[in-house]
Amino acid sequence: MSHQEKQIIFDEYAKKQGFKDWEDVQTEYHLALMSDDELKLYIFAACDLVQAEQQRRIAEKVCPEEFELHNKTLKASIINPENIIS
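Worth saying up front: this structure is predicted, and the values here are computed from it rather than measured. (Residues numbered from 1 in each chain as written. Predicted model: local features only at pLDDT ≥ 70, side-chain atom pairs only at ≥ 80, totals over all residues. Heavy atoms only, no water.)

(A) The arrangement of the nonpolar core in detail. Residues Ile9, Phe10, Tyr13, Ala14, Phe19, Trp22, Val25, Met34, Leu39, Tyr42, Ala46 and Val50 constitute the largest nonpolar core, which totals 12 residues. Elements with a minimum of two residues in this core: α1 (3-16), α2 (22-30) and α3 (36-62). Contact partners of Tyr13, with chain neighbours within four places excluded, come to Trp22, Leu41, Tyr42, Ala45, Ala46 and Leu49. (Core = buried A, V, L, I, M, F, W, Y, C linked by side-chain atoms within 4.5 Å. Buried < 20%, exposed > 50% of the residue type's maximum accessible area, 1.4 Å probe, protein only. Helix = DSSP H or I, 4+ residues; strand = E, 2+ residues; numbered from the N terminus. Contact = heavy atoms within 4.5 Å.)

(B) Representation of the environment of Glu53 within the structure. Assignment of secondary structure puts Glu53 in helix α3. Once residues within four sequence positions are removed from consideration, Glu53 is found in contact with Met1 and Ile9.

(C) Geometry of the packing of α2 against α3. Closest axis-to-axis distance for the α2/α3 pair is 10 Å, and the angle between their directions is 165°. On the basis of the axis angle, α2 is roughly antiparallel to α3. Judged by the sense of rotation from one axis to the other, the crossing of α2 with α3 is left-handed. Between α2 and α3, the residues in contact are Trp22, Val25 and Tyr29 and Asp36, Leu39, Tyr42, Ile43 and Ala46, respectively. Counted by class, the contact of α2 with α3 contains seven nonpolar, no polar and one charged residues. (Axes fitted to C-alpha atoms, helices over the stretch in contact; angles between N-to-C directions. Parallel < 35°, antiparallel > 145°, perpendicular 65-115°, else oblique. Left-handed = near helix turned anticlockwise from the far one by under 90°. Nonpolar A, V, L, I, M, F, W, Y, C, P; charged D, E, K, R; others polar.)

(D) Examining α2 more closely. Sitting at the amino-terminal end of α2 is Asp21, which places a side-chain oxygen 3.2 Å from the backbone nitrogen of Glu23. The first or second residue beyond α2 is Ala32, which carries a positive phi of 65°. (Polar contact = N/O pair within 3.5 Å; in protein donor to acceptor, adjacent residues only side chain to side chain.)

(E) Fine view of the packing of α1 against α3. Between α1 and α3, the least distance of the axes is 9 Å, while the angle of their chain directions is 130°. By the angle between their directions, the pair α1 and α3 is classed as oblique. Crossing of α1 over α3 shows right-handed handedness. For the pair α1 and α3, contact is made by Glu5, Lys6, Ile9, Phe10 and Tyr13 and by Leu41, Tyr42, Ile43, Ala45, Ala46, Cys47, Leu49, Val50, Glu53, Gln54 and Arg57, respectively.

This is how it looks when you write it as structure tokens:
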């Protein structure tokens, strides 16, 4: 996954949180409009989305036919909730 693709995921996440893009999140932090803890929550949530997308892509490449047939089983085994950053 390219840096550009990761940036798109971060930007989309920021928009869903009411920001213009990820740079807007950083600007609010630098202007002291959000706390360290708030910024960490946004960072971790965006990183979780990047990780989920990376794992989804891995699952599709490992066994594309089975991925289509057994999407839920493979997704559950590869995208493990224990991997979520908290």
